[in-house]
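# Structure at a glance
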Amino acid sequence: MTCPIFTVERPLRIGTRRSPLALAQAEMAMAAVKRAHNLPDDAVKLVPMLATGDKIQDRPLADIGGKALWTKELERALIEDQIDIAVHSMKDVETWRPDIFVISAMLPRADVHDRLIGAASLGDLKQDARVGTSSPRRAAQVQRARPDVQIVPLRGNVATRLAHIDTGDADATLLAAAGLDRLGMADVGAELSLDAFLPAASQGAVGIDRLASRADLIPILEAINDADTFAAVDAERAFLAAVGGNCHSPVAALARVEGTQIRLRAEIFTADGSELQSGECLYDMGGDGPAQLAQELLGKASAELRGIFAS
Ligand SMILES: NCc1[nH]cc(CCC(=O)O)c1CC(=O)O
């Protein structure tokens, strides 16, 4: 298949949210496409859009419609042919989507860790500290390590959340290292270990979305795909789907490619982190490791924990 030719008159239109992190990630995708295909500057352009999730910042994501709030506007723009591709944080992309959309490529994954802002470690949080997060996973993980802390809702983009710590609305918060690094804040926060704080499925990965009908874009996107990132994130998302996770469920998953195999580690929690079921598997790429690991964890879980994931 030959590559479609994008020109100054007919540039490749890259849809993105307007938040500073989304724009930084879209710039990375744009640079990768230009580099891979040797395109002049104005043969590619960013189309920034405001997402519902950016407009409503005072309620937890799970209460106002979940991850779709980040992707809905961009999906509509794809359907209406206002953009050719959309750039998403894979963490914000729904596990179940209509198959008119295809994640066609992923950029090389960034640092997968979470960082703690407001204290040097979980142990250093002051007694009864107020930790701001609207993520059920982070709330469960923090409370597991520190049952005394209070979780207070905290949303908004990275800068907004950091400002809430400065003004004392919360004593501490947790943010993805990937987002901080991409915003030039590599020195902000203290890294949490994967043992204490396994990340969300897809954390640190940026995906490029297109309409299934736009097969003409495949060669463009194949050239910028990082195959190991794609396979690992695919495994984590297969685990989410198999365990019945959504944005209300405290679940963590991290996969790595090891040669022709995938090592997948996953955890499911009750809301306060008092129960944790974890497991790891190593399986041949294309195998059903994620589904088996989900069944293993659900099989070990109490009725209460299983109830959180029953879907
Ligand atoms: N839900 C918000 C969101 N989506 C992606 C990132 C960070 C970048 C990433 O994890 O890929 C963040 C902020 C955060 O969790 O700190």
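Remember, predicted model here, so these are calculated numbers, not experimental data.

### Details of the overall build of the protein
Within the protein, the secondary structure is distributed over 11 helices and 13 strands. Taking the principal axes of its C-alpha atoms as reference, the protein extends roughly 60 × 45 × 30 Å. The buried share among the 311 residues of the protein stands at 53%. Once local pairs closer than 6 in sequence are excluded, the contacts in the protein between residues at least 24 apart make up 69%. Accessible surface, the protein as shown: approximately 13400 Å² in total, 51% of it carbon and sulfur.

### Some words on the site of the ligand
Around the ligand sit L21, S89, K91, D92, R138, R161, L175, A176, G179, Q203, G204 and A205, and that is every residue in its neighbourhood. K91 places a side-chain nitrogen or oxygen 2.6 Å from an oxygen atom of the ligand. Note that an oxygen atom of the ligand is positioned 2.8 Å from one of the backbone N or O atoms of G204. Across the complex, the protein chains shield 89% of the 390 Å² of accessible surface that the ligand would expose by itself. When its residues are assigned to classes, the shell around the ligand shows 4 nonpolar, 4 polar and 4 charged. Of the residues that make up the shell around the ligand, three or more belong to each of domain 1 (12–107 + 205–225) and domain 2 (114–191).

### As for the sheet that holds strand β2 (residues 44–49)
With respect to topology, 5 strands assemble into an open sheet ordered β2-β1-β3-β10-β4, the strand pairing being mixed. Here the strands that pair on one side only, and so sit at the sheet edges, are β2 and β4 (101–106). The average undirected angle you get between the axes of adjacent strands in this sheet is 35 degrees. Bridge count between strand β1 (residues 12–17) and β2: 6 bridges; the pairing is parallel. The residue of β2 that forms the bridge with G15 is V47.

### A closer look at helix α10 (residues 289–300)
Given a rise of 1.5 Å per residue, 12 residues ought to cover 16 Å, and the 17 Å separating the end C-alpha atoms of α10 matches this to within 8%. Every buried residue of α10 is listed here: G289, P290, L293, A294, L297 and L298. Seen end-on, α10 carries its buried residues on one side only, within an arc spanning 160 degrees. Seen from the open side of α10, the exposed residues pointing more than 90 degrees away from its buried face are Q295 and G299.

### Quick notes on the environment of D42
Structurally, D42 can be placed in the loop between α1 (20–37) and β2. Among the residues examined, D42 registers a relative accessible area of 46% and is labelled partly exposed. Distance in space between the C-alpha atoms of D42 and L12 is 9.0 Å, their sequence separation being 30 residues. Leave out the neighbours within four places in its chain, and D42 touches T7, V8 and P11.

Rules of the game
- Residues numbered from 1 in each chain as written.
- Predicted model: local features only at pLDDT ≥ 70, side-chain atom pairs only at ≥ 80, totals over all residues.
- Heavy atoms only, no water.
- Helix = DSSP H or I, 4+ residues; strand = E, 2+ residues; numbered from the N terminus.
- Buried < 20%, exposed > 50% of the residue type's maximum accessible area, 1.4 Å probe, protein only.
- Contact = heavy atoms within 4.5 Å.
- Areas by Shrake-Rupley, 256 points an atom, 1.4 Å probe, with all protein chains shown as cover.
- Near = heavy atom within 4 Å.
- Polar contact = N/O pair within 3.5 Å; in protein donor to acceptor, adjacent residues only side chain to side chain.
- Nonpolar A, V, L, I, M, F, W, Y, C, P; charged D, E, K, R; others polar.
- Domains from an automatic or database assignment.
- Pairing = 2+ DSSP bridges.
- Axes fitted to C-alpha atoms, helices over the stretch in contact; angles between N-to-C directions.
- Expected span 1.5 Å × (residues − 1).
- Arc of directions from axis to C-beta.

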